[in-house]
Amino acid sequence: MHYFLVGALTILLTGCTTFGVIENRAIDKTAAADGYSITKFFKGRETDTSIMLAFSGGGTRAAALSYGVLKALRDTPITSGNRSIRLLDEVANISSVSGGSFTAAYYGLHGDRTFDNFESAFLRRNIQGGLKKTLLNPRNWLDKRGHTELAIDLYQQQVFKGATFADMLRPDAPLIMINASDLSRGVRFSFVQEYFDLLCSDLRSFPVARAVAASSAVPVVFDPVVIQNHGNCDAELPPWLKDAITRSQDQSQLRLTISGLDSYSDKKGRKYAHFVDGGITDNLGLRAIYDVLELGGGAKNMAETLKLKPVKHFVIISVDASTTPQNRMDQTRRHPTLIDAANAMSDVQLQRYNVATIDAMKKSMASWAKQLSTPQQKVKPYFIRLNFKDVKNADTRNKLNEIPTSFNLSNEQVDLLIKTGSDLLNSNAEFKRLLKDIRTDQ
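Counting starts from 1 at the beginning of each chain's written sequence and moves along it residue by residue. Two thresholds apply to this predicted model, a pLDDT of at least 70 for residue-level local features and 80 or more for giving and counting side-chain atom pairs, whereas whole-chain, interface and lining totals are computed over all residues. In computing side-chain properties, one takes all heavy atoms of the structure into account and sets aside hydrogens as well as water.

Under the annotation held in an unreviewed UniProt entry, the chain carries the name PNPLA domain-containing protein and is attributed to Leucothrix pacifica.

So this is what it looks like as C-alpha cells:
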C-alpha cells in the first residue's frame, strides 16, 4: 500500500521489541472551550459561505494535489458582506488523512506563508530517501523507540520544526482535523480537543509532527503512534457523547463510532491507544466531518450550540488523490506477487468504501442544508468532488494515475499535480455553480 515496503519489512524481520514514546500531557479537567477544539474555532463564527475541505491519502501525490486546490481557492476573489476577500478565507475546516495531512497541517501552522515555503519544505524534498536512509542505518535497527519515532524525528526537523497544536491557534485560521485510526477498536480518531478530552489529555502541547505521523503510519511498515489514556480528569462522559449515545439506538454506523469513543472511559482496560494510518477507516477524510456533525446532533443542533448564524452557501470539497493505474495483472498468466495481490485487494476495498462514503455525504449534505435553512435564509448545499477521473486529456490522466504513493516525486510530477488540483477545481460544474450563486446572492 505504501512506500518502500520491502526495505522496511527487512528491518522488521530483526524481531526487535519496541515501545511507543508518550508525549501527551494529562489535564485535570476537560479543556475544549480553550483548547484546539471545534468549540473554540466555530463558536460565534459569522460568514456567508462556509467551506470544509477533505484531503485524501496518497503520499506526496495527495499533498501536492490538495496544495493545488488551496492555491486555486487563494486565487479566487469573491465579495462577502460588502468585503472583497478570497474564497480561501471562507475555509472553516480542513479534514485530512495520511499524505493530505502534511498539506493540511502545514497550512494550519503557516497560513499564506505555505505558498512560499511548502514546496521546498515538503513537496520537492526527498522525504522518502531520508526515511529509507534512517531506517536502513544499522545504528537504528535496535532503537527501542521503533521506526515511527525515527520518522517523527525527520518530520520534526525537516517539515514542522517542533511545532505543537498551540501554534495552530492562529486568528482567522481554519480548524485542521488530522485523522488517524485506532488500531485496537477501528474507530476514526480526530486530533481535536473534544477527542483528547476523552483521554484526559491536552492537545495544545502535542507535537503536530506526531499527529501527522499517526495519520500516515501504515501498519506493519510503521509502528503505531502510542498515546496514553490518562485517568485524572472529569470522570463522566462529556454531554455531547452522552446525547449521541441516546440518539444512536437506530443508527448502526453512529453506534459503532460511539462505542469506539466510549471505550476510552475504560481507564484500566485501555491504558494506551495505538494510532495508525487514517486511510484505513476513511481514505477521503470525509467521514470525520460526518462524524462531527452527527455526534453533535446534526447540523441544526451544532449551529444552535455554537451560536452560528445561517450561512447562504454550505460547501464541502473532497480532494481525492486515489489512482486507477493500468491493470498489468490481466496481461499475463504469471501469478501475481504477494505485494501485487495485497495491493489489489486493498485497492478494491478502498474503492468500494469510497463509493459508500460519497453516497452518504451527498445524502447528508441535502439533509444538513435543510436543517440549517430558515424561512428568511435558505441554505444551499454544494458537494464538490475532485479526482483524476475528471481529467479530460487521456494522456494526462494516464500520467497522473501512474504517479506512485511515495514521499519522493519528481519536480515534473509535483508541477503536474499542483496544476491538476487547480484545474480540477476551476473546471468543476458544481464549483462554477457556487461562484455564480455567490455573485447572485450578494
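Student: In this structure, what is going on with the overall build of the chain? I would like to understand it.
Tutor: Counting from the N terminus, the helices are DSSP H or I runs at least four residues long and the strands are E runs at least two residues long. A tally of helices and strands in the chain yields 17 helices and twelve strands. A 1.4 Å probe rolled over the protein chains alone gives each residue an accessible area, and that area as a share of the maximum for its type sets the label: buried under 20%, exposed over 50%, partly exposed in between. Per-residue burial over the chain gives 54% buried out of 442 residues. Contacts in the chain between residues at least 24 apart in sequence constitute 82% of all its contacts with a sequence separation of at least 6. Working note: accessible area of the chain is about 19,700 Å², and carbon and sulfur atoms make up 51% of it. By the convention used here, residues are in contact when the closest approach between their heavy atoms is within 4.5 Å. Residue burial considers only the protein chains on display, and all accessible areas are found by Shrake-Rupley using a 1.4 Å probe.

Student: Quick question: what am I supposed to make of the state of the cysteines here?
Tutor: We call a pair of cysteine sulfur atoms a disulfide when they lie within 2.5 Å. Taken as a whole, this structure holds one disulfide when the rule is applied. The side chain of Cys 200 participates in a disulfide bridge whose partner is Cys 233; the two sulfur atoms lie 2.0 Å from each other. Between Cys 200 and Cys 233 the disulfide shows an S-S torsion of about -65 degrees. By sign, it is left-handed. Pair noted here: Cys 200 is in the loop between helix H8 (193-198) and strand E8 (201-202) and Cys 233 is in the loop between strand E9 (225-228) and helix H10 (239-247), with a separation of 33 residues, a long-range link. Overall, Cys 200 belongs to the buried group, its relative accessible area being 2%.

Student: I'm lost on the UniProt feature "active site" (unreviewed entry) in the chain in this one. Help?
Tutor: As annotated in UniProt, the feature "active site" (unreviewed entry) corresponds to Ser 98 and Asp 277 in the numbering used here. A maximum C-alpha distance of 6.1 Å places the annotated residues, which cover 180 residues in sequence, within one compact spot. With respect to the secondary-structure elements, Ser 98 resides in the loop between strand E5 (91-97) and helix H4 (99-110). As for its placement among the helices and strands, Asp 277 is situated in strand E10 (residues 272-277). A residue is classified by how much of its surface remains accessible, and Asp 277, at 1% relative accessible area, is buried. UniProt positions are given in the numbering used here, feature names are shortened, and annotations may be inferred rather than shown by experiment.

Student: Explain helix H3 (residues 59-74) to me, please; I cannot follow it from the model alone.
Tutor: Working note: α-helix, 3.6 residues per turn, so residues spaced by three or four point in the same direction. Helix span, as expected, comes to 1.5 Å for every residue beyond the first. Look at H3: 23 Å from first C-alpha to last across 16 residues, which is about the 22 Å you get at 1.5 Å a residue. Along H3, 14 of the 16 residues are buried, which leaves the element largely enclosed by surrounding structure.

Student: What should I look at first to understand the packing of aromatic side chains in this one?
Tutor: In this description, a pair of aromatic rings is defined by centroid distance and the angle of the planes. Aromatic contacts are taken between Phe, Tyr and Trp rings whose centres are within 6.5 Å, Trp giving its six-membered ring; a plane angle under 30 degrees counts as stacked, one over 60 as edge-to-face, and the others as tilted. This structure, assessed with the given rule, holds 25 aromatic pairs. Where Tyr 106 meets Phe 118, the ring centres are 5.0 Å apart and the plane angle is 45 degrees; that geometry is what we call tilted. Of this pair, Tyr 106 sits in helix H4 while Phe 118 sits in helix H5 (residues 114-123), and the two are twelve residues apart along the sequence. The interplanar angle of 65 degrees and the centroid separation of 5.5 Å between the aromatic rings of Phe 196 and Phe 206 together place this pair among those described as edge-to-face. Highlighted residues: Phe 196 in helix H8 and Phe 206 in the loop between E8 and helix H9 (208-215), separated in sequence by ten residues.

Student: I tried to follow the packing of H4 against H9 on my own but got confused; where do I start?
Tutor: Working note: a packed helix pair is described by the angle between its axes plus the distance between those axes. In this analysis, axes come from line fits to C-alpha atoms, helices being fitted only over the stretch in contact, and the angle between any two N-to-C directions falls in the range 0 to 180 degrees. For the pair H4 and H9, the least separation of the axes is 10 Å and the interaxial angle reads 160 degrees. Put simply, H4 runs roughly antiparallel to H9. Here the hand of the crossing between H4 and H9 comes out right-handed. Across the interface between the two elements, Ser 101, Phe 102, Ala 105 and Leu 109 of H4 pack against Val 208, Val 212 and Ser 215 of H9. The labels follow the angle: roughly parallel below 35 degrees, roughly antiparallel above 145, roughly perpendicular from 65 to 115, and oblique for the rest. Crossing handedness is defined as follows: a turn of the near helix away from the far one that is anticlockwise and smaller than a right angle gives a left-handed crossing, while the clockwise case is right-handed.

Student: Any chance you could explain the pairing of E5 here in plain terms?
Tutor: Consecutive residues of a regular strand have side chains that alternate between opposite faces of the sheet. Of all seven residues that make up E5, seven are buried, and the element is covered over most of its length. For two strands to count as paired, DSSP must find a minimum of two bridges between them. Alignment of strand E2 (residues 49-55) against E5, held across five bridges, turns out to be parallel. Looking at E5, one finds that Ala 54 is bridged to Ser 95. By the bridge criterion, five bridges tie E5 to strand E6 (residues 175-182) in an arrangement that is parallel. Across the sheet, Ser 96 pairs through a bridge with Ile 178, a residue of E6.

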